[in-house]
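So you can see what is in the structure, the chains are spelled out below.
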Amino acid sequence: MKKELKNTEDGIEKIFKNAKDFLPLLGTDHIEFYVGNAKQAAHYYKTAFGFQSLAYAGLETGLKDRVSYVLKQDKIRIVLTTALNSKSEIGEHVKKHGDGVKVIALWVDDAKKSYEETIKRGAVSYLKPTVESDEFGKVVKSGIYTYGETVHLFIERKNYDGHFLPGFVKWDSDYNPKSVGLKYIDHMVGNVGWGEMNTWVKWYEDVMGFVNFLSFDDKQIHTDYSALMSKVMSNGNGRIKFPLNEPAKGKKRSQIEEYLDFYESPGVQHIAIATDDIVKTVKELKERGVEFLSAPPKEYYKDIPNRLGSHMDIMNEDIDELEKLAILVDADEDGYLLQIFTKTVEDRPTLFFEIIQRMGAKGFGAGNFKALFESIEREQQNRGTL
Ligand code: FE2
């Protein structure tokens, strides 16, 4: 009999009994990128990744110093923000880091309490609890710094039914490319500096009440040339997962080190987005010009039945097709997962995306790390940064 496995958003709910409940998180609210040209970035994410126009704020809505475009696809909201003058901290951020993620906003029931509880435990304040309102109701926002210049905002929107946040107007566009089937944020990975991993693991435990539920050391994550360490932090209901990477010494330069050199600080390395049908999503993304890392060698695909073991019985995908699209496969005791990684999406080799389809598996593709890092090293080789 075929076992039913679903791609589930809260599959690891209730596992994390050690997690503390002083900071209940309902999910990811949105991700805000600071970019050099938000108008063009919005066009890229609509055209290439299938996001839809949702909301807008800029000169026309009374802002003087910035403009923001909000895009949506299923449960994912991204905000693209650009400075309108040379004095803005947004412009300074872009000057230092290039385009990148500034804000990982978390959806909470009580933004004031979230702020107080995290500040009490040692968080550095970014934004004191602030109430914003318009004709659709009110939103409470607060925020704290995490690694590098990255920020967690807490967004309380239970008394709000507008399009996005107060201050934004609905963005009606005549240009509406279709969705590619991206559903929700599965996890977001941060790169931290040399020797900083344990500091940030402890920070997520102490300040945010997260638990460290998976760890990989440089003996597990390495190729012939480079190495890194990775620890996965999760909140209590498993909805928010933040793996953290630290570079490790190898014969050549680790991809994490390359990131830190080009981003000029710790920051968000990749955003993993879930789909229910990775084959369809990846075909669509490729047609729209999204570039992915190159495929692992042929032997990788020949070895899949071995690696999947009994999960082969429940696998619906055709291995030849996965090979053609360069989609990676991994398994753990609970099921399998399919994943693929884009090339970096800006000129600095910093941020990239992962597309993931979970068929029961709760891991992060550890079995693929070697194949993935060898693909990245081929890119580094081309850039002269290996
Ligand atoms: Fe990932």
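It should be emphasised that the depicted structure is a prediction, and the values quoted were computed from it without experimental measurement.

Colleague: Sorry if this is basic, but what is going on with the domain arrangement of the protein chain here?
Modeller: One frequent convention defines the size of an interface as the accessible area lost when the parts assemble. When the domains of the protein chain are assigned, the result is domain 1 (2-18 + 181-383) and domain 2 (27-170). Computed from C-alpha atoms alone, the centre-to-centre distance between domain 1 and domain 2 is 25 Å. Opposite the 38 residues of domain 1 that make contact, domain 2 presents 40 residues. Across the domain 1/domain 2 interface, buried area totals approximately 3,100 Å², and carbon plus sulfur atoms make up 65% of it. Where domain 1 packs against domain 2, one counts one salt bridge. Note that D74 is salt-bridged to K183, the shortest N-O span being 3.7 Å. Where domain 1 packs against domain 2, one counts 12 residue pairs in polar contact (both at pLDDT 80 or more).

Colleague: Just to check I follow, could you spell out the packing of aromatic side chains for this structure?
Modeller: Two aromatic rings, taken as a pair, are described by how far apart their centres are and by the angle between their planes. Summed over all chains, the structure comprises 22 aromatic pairs. Measuring from centroid to centroid gives 5.6 Å for Y45 and F49, while their planes differ by 35°, and the two rings are tilted. Linking Y45 with F49, this pair stays in helix 1 (residues 38-49), spanning four residues, or about one helical turn. You'll find Y45 and F49 in the same group, each marked buried.

Colleague: Whenever I open this one, the confidence of the model for the protein chain confuses me. Can you help?
Modeller: In low-pLDDT segments, the atomic positions of the prediction should not be examined closely. Confidence in the prediction for the protein chain averages 91 pLDDT; 95% of positions are at 70 or higher. Scored below 50 in pLDDT, residues 1-14 shows 29 contacts in the model against residues more than four places distant or in partner chains.

Colleague: Could you clarify how one ought to interpret the sheet that holds strand 15 (residues 328-332) in this entry?
Modeller: Within a sheet, neighbouring strands are paired by backbone hydrogen bonds and run either parallel or antiparallel to one another. The mixed open sheet is built from eight strands, whose spatial order is 11-12-13-10-14-17-16-15. Across the chains shown, the open sheet's two edge strands, defined by having one partner strand only, are strand 11 (211-216) and strand 15. Here the average twist between neighbouring strands, direction ignored, is 25°. Bridge analysis of strand 10 (residues 182-191) against strand 14 (residues 267-275) gives eight bridges, and the strand direction is antiparallel. Bridge pairing in strand 14 places M188 opposite I271.

Colleague: Can you help me understand the environment of I90 in this one?
Modeller: Locating I90 in the fold gives a position in helix 2 (residues 89-97). Since its relative accessible area comes to 0%, I90 is described here as buried. As for I90 and F33, which are separated by 57 residues in sequence, their C-alpha atoms are 9.8 Å apart. Excluding residues that lie within four positions of it along the chain, I90 makes contacts with Y34, R66, T81, T82 and A83.

About the thresholds
- Residues numbered from 1 in each chain as written.
- Predicted model: local features only at pLDDT ≥ 70, side-chain atom pairs only at ≥ 80, totals over all residues.
- Heavy atoms only, no water.
- Domains from an automatic or database assignment.
- Contact = heavy atoms within 4.5 Å.
- Buried area = accessible area lost by both parts, 1.4 Å probe.
- Salt bridge = Lys/Arg side-chain N within 4 Å of Asp/Glu carboxyl O.
- Polar contact = N/O pair within 3.5 Å; in protein donor to acceptor, adjacent residues only side chain to side chain.
- Phe/Tyr/Trp six-rings, centres within 6.5 Å; stacked < 30°, edge-to-face > 60°.
- Helix = DSSP H or I, 4+ residues; strand = E, 2+ residues; numbered from the N terminus.
- Buried < 20%, exposed > 50% of the residue type's maximum accessible area, 1.4 Å probe, protein only.
- pLDDT = per-residue confidence, 0-100.
- Pairing = 2+ DSSP bridges.
- Axes fitted to C-alpha atoms, helices over the stretch in contact; angles between N-to-C directions.

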